[in-house]
Amino acid sequence: MFEKGLIKKEENMFQEEKRKTNYGAIFLVCFFCCFFAFQFMKVVTTKPSTTTTTTSSISVINNSPVTSGKLYDRRELWRVSPPSTYCLKIESFTKLATSPNAEKYESRPFQSGGYNWTFIVYPKGNVKDGAPAGYVSMYVQIDNSTLLNSPKEVYAEVKFFIYNRKQDKYFTYQETDAKRFFLFNPSWGYGNVRPYVDVANPAAGWLFDGDSVVFGVDVFVTEVFDKWEVFSFTNNLHNRLLEWTIPNFYSLRKYLYVSDFFIIGERSWALTVYPSGDGEGQGNSLSLYVYAVGVKRYEKIYLKAKLRIIDQKDSKDVEKKVESWSDQENSWGFQKFVPFADLKNTSKGLLVNDTLKIEVEFEEFSNTNYFPSYGLPCATD
């Protein structure tokens with residue numbers, strides 16, 4: 001009996017522990033389920049903010065919104081400073097918007113960057129230009145008459161403003177790139193600035209002093225470059241060869257001799273020979289170079305050519321190739337082009353009747369044109 005009671009007691013204890021264990025497992029399962037459910041709801045319900053922290057009185061509201069797969073450069077931001085080019089206050093905004101045949105208000109001309117402009121506001125949208133109805137539209141337009149005696153096109157950075165009394169700031173619309181104005185497209189702006197019902201709502205802060213709204217525009221004309229250069233390679237040459245004949249070679253006493261200038265591919269060239277050698281070739285070899293004439297400062301030239309001393313007997317010319325960017329003050333060649341021993345060897349035919357014949361064959365070289373061409377001194381200046 002004692003043993004049966006003991007067994008019964010142990011069974012009861014086992015069942016009790018089992019129940020405790022099951023409750024603990026159930027509790028842990030419930031806890032983790034609730035935790036992951038909370039994290040999931042947090043991710044789903046939290047939307048990424050498009051508003052950045054205000055810095056120096058400017059805060060970005062919408063940065064490159066994506067609509068229908070198209071990326072726009074429009075920026076919308078608050079700023080404290082007013083427009084710097086032109087400001088327009090309409091003291092009876094809703095009356096203007098609801099009056100017959102009053103689709104827009106156009107300002108008087110104002111100047112910016114040496115051009116005349118007008119500021120145009122459509123209280124209920126520039127519908128004729130495809131803007132959505134019921135939206136305030138703002139445009140700036142250049143006076144075509146100012147383009148007649150000036151460049152045919154003007155680039156300007158444009159910003160539009162609406163003042164909000166509630167925020168005591170200007171809501172600003174702008175783009176990152178300058179806009180192009182020309183005779184056949186003299187205006188640019190936004191058709192969907194803000195819904196009219198929003199602007200006409202006194203609680204929103206755009207209306208103040210009864211029925212007034214303040215608009216503004218900044219027009220900053222950007223200078224179009226007038227100094228530029230064109231780099232190209234010249235390889236379609238009609239005249240590739242130039243020969244230079246030097247008589248009385250053994251009578252040459254100067255350190256170097258320069259050929260006449262010649263034109264190849266709209267560039268001037270010349271050949272230079274050192275009868276007694278140059279650098280490492282001095283005293284043992286003839287030195288030969290081709291160089292570009294009148295090179296502009298900062299210009300780098302690429303040249304691919306062949307330098308030759310003509311074999312006047314057996315056509316076994318001494319030929320060496322040059323292919324590199326400008327070196328040694330825009331010259332290409334060799335200090336040891338041909339040893340004196342080969343030059344004086346009559347069997348080789350390099351020097352016949354005391355006459356030396358040199359040839360250069362151009363294959364390809366670079367050219368840089370500068371506009372305007374003045375104001376760029378030569379590298380030798």
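Thresholds, definitions, all that
Residues numbered from 1 in each chain as written. Predicted model: local features only at pLDDT ≥ 70, side-chain atom pairs only at ≥ 80, totals over all residues. Heavy atoms only, no water. Helix = DSSP H or I, 4+ residues; strand = E, 2+ residues; numbered from the N terminus. Buried < 20%, exposed > 50% of the residue type's maximum accessible area, 1.4 Å probe, protein only. Contact = heavy atoms within 4.5 Å. Areas by Shrake-Rupley, 256 points an atom, 1.4 Å probe, with all protein chains shown as cover. Salt bridge = Lys/Arg side-chain N within 4 Å of Asp/Glu carboxyl O. pLDDT = per-residue confidence, 0-100. Core = buried A, V, L, I, M, F, W, Y, C linked by side-chain atoms within 4.5 Å. Phe/Tyr/Trp six-rings, centres within 6.5 Å; stacked < 30°, edge-to-face > 60°. Lys NZ or Arg CZ within 6 Å of the ring centre and 35° of its normal. Patch = residues over 30% accessible without salt bridge, like charges linked within 9 Å, V, L, I, M, F, W, Y side chains within 5 Å. Pairing = 2+ DSSP bridges. Polar contact = N/O pair within 3.5 Å; in protein donor to acceptor, adjacent residues only side chain to side chain.

J.: Explanation requested: the overall build of the protein chain in the structure shown.
T.: The number of helices and strands found in the protein chain is 4 helices and 25 strands. Here the protein chain holds 381 residues, and 39% of them are scored as buried. Put simply, 65% of the contacts in the protein chain that link residues at least 6 apart link residues at least 24 apart. Of the accessible surface of the protein chain, which amounts to about 23400 Å², a share of 54% is contributed by carbon and sulfur atoms.

J.: Explain the pattern of salt bridges to me, please; I cannot follow it from the model alone.
T.: Enumeration according to the criterion identifies 13 salt bridges in this entry. A salt bridge links glutamate 363 to lysine 306, with the nearest nitrogen and oxygen atoms 3.4 Å apart. Of this pair, glutamate 363 sits in strand E25 (residues 355-371) while lysine 306 sits in strand E21 (residues 302-309), placing them 57 residues apart in sequence. What makes glutamate 363 partly exposed here is its relative accessible area of 22%. Several salt bridges converge on common partners, so that one network encompasses Arg308, Glu319, Glu359 and Glu361.

J.: Even after reading the chapter, I still don't get the confidence of the model for the protein chain, so can you show me in this structure?
T.: A low pLDDT means the predicted coordinates there should not be read in detail. Put simply, the protein chain has an average pLDDT of 81, and 77% of its residues get 70 or more. Mean pLDDT values over the elements of the protein chain span from 32, in strand E2 (residues 66-67), up to 97, in strand E5 (residues 86-90). In the model, residues 16-29 has pLDDT below 50 throughout and makes 0 contacts with residues more than four positions away in sequence or in other chains. Low confidence marks residues 36-72, where pLDDT is under 50. Its contacts with residues over four positions away, or in another chain, come to 37 contacts.

J.: Any chance you could explain the nonpolar core here in plain terms?
T.: Ranked by size, the top nonpolar core spans 39 residues in total, and within it Trp117, Phe119, Phe160 and Phe215 carry the most contacts. The element best represented in this core is strand E10 (residues 153-164), accounting for 5 residues. In contact with phenylalanine 160, not counting residues within four places along its chain, are Phe119, Met138, Tyr139, Val140, Phe171, Thr172, Tyr173, Trp188, Gly189, Tyr190, Gly216 and Val217. Leu271, Leu350, Leu356 and Phe365 belong to the second largest nonpolar core, which has 34 residues in total.

J.: Can you help me understand the packing of aromatic side chains in this one?
T.: Inspection of every chain in the model, using the stated rule, returns 32 aromatic pairs. Aromatic pair tryptophan 269 and phenylalanine 365: ring centres 5.0 Å apart, planes at 70 degrees, arrangement edge-to-face. Taken together, the residues span a long stretch of sequence, with tryptophan 269 in strand E19 (residues 267-274) and phenylalanine 365 in strand E25 at a distance of 96 residues. Assigned by exposure class, tryptophan 269 and phenylalanine 365 land together as buried. A cation over an aromatic ring shows up here: lysine 320 above the ring of phenylalanine 337, its NZ or CZ 5.5 Å from the ring centre.

J.: What should I look at first to understand a nonpolar patch on the surface in this one?
T.: Together, Val224, Phe225, Trp228, Val230 and Phe371 make up a nonpolar patch on the protein surface, roughly 490 Å² of accessible area in all. Along the polypeptide, phenylalanine 225 turns up in the loop between strand E14 (213-222) and strand E15 (228-234). With relative accessibility at 61%, the residue phenylalanine 225 sits in the exposed group.

J.: Looking at this model, I keep getting lost on the pairing of strand E9 (residues 135-142). Mind explaining?
T.: Successive residues of a regular strand alternate their side chains across the two faces of the sheet. Most of E9 sits out of view: 6 of its 8 residues are buried. Here strand E8 (residues 115-122) pairs with E9 via 6 bridges, running antiparallel. Residue pairing for E9: tyrosine 122 is matched across the bridge by serine 137. Strand direction decides the pairing type here: E9 and strand E13 (residues 187-195), joined by 6 bridges, are antiparallel. For tyrosine 135, the partnering residue across the bridge sits in E13 and is proline 195.

J.: It is not clear to me how the pairing of strand E16 (residues 241-246) should be interpreted in this structure. Could you clarify?
T.: Judged by which residues are buried, E16 turns out to be one-sided: Leu242, Trp244 and Ile246 face inward and are buried, whereas Leu241, Glu243 and Thr245, on the alternate face, are not. In this structure, E16 lies alongside E25, joined through 6 bridges in antiparallel fashion. Bridge pairing in E25 places tryptophan 244 opposite isoleucine 358.

J.: Any chance you could explain unusual backbone geometry here in plain terms?
T.: Generally, phi is negative for residues other than glycine and the peptide bonds are trans, each holding for most cases. The omega torsion across phenylalanine 371 and proline 372 is -10 degrees, close enough to zero to call that bond cis. Within the secondary structure layout, proline 372 lies in the segment after E25. Positive phi values are uncommon outside glycine, yet asparagine 101 reaches one of about 55 degrees. With respect to the helices and strands, asparagine 101 occurs in the loop between helix H2 (93-98) and strand E6 (105-106).

J.: Before we go on, may I ask you to explain the environment of serine 232 in this structure?
T.: Within the secondary structure layout, serine 232 lies in strand E15. When the C-alpha positions of serine 232 and threonine 368 are compared, they lie 6.4 Å apart, and in sequence the two are 136 residues distant. Excluding anything up to four places from it in sequence, serine 232 contacts Phe365, Ser366 and Asn367.

J.: What am I meant to see in the environment of glycine 189 here?
T.: Along the chain, the position of glycine 189 falls in strand E13. When residues no more than four places from it in sequence are discounted, the contact partners of glycine 189 are Met138, Tyr139 and Phe160.

J.: I keep staring at the side chain of serine 285 and nothing clicks. Help me out?
T.: Inspection of the secondary structure puts serine 285 in strand E20 (residues 285-292). Within the local environment of serine 285, its side chain forms a polar contact with the side chain of asparagine 284, the two groups lying 2.8 Å apart.

J.: In this structure, what is going on with the side chain of arginine 267? I would like to understand it.
T.: Take arginine 267: it is sitting in strand E19. Setting aside residues no more than four positions away along its own chain, arginine 267 makes contact with Phe262, Ala292, Val295, Glu299, Ile301, Phe365, Ser366, Asn367 and Thr368.

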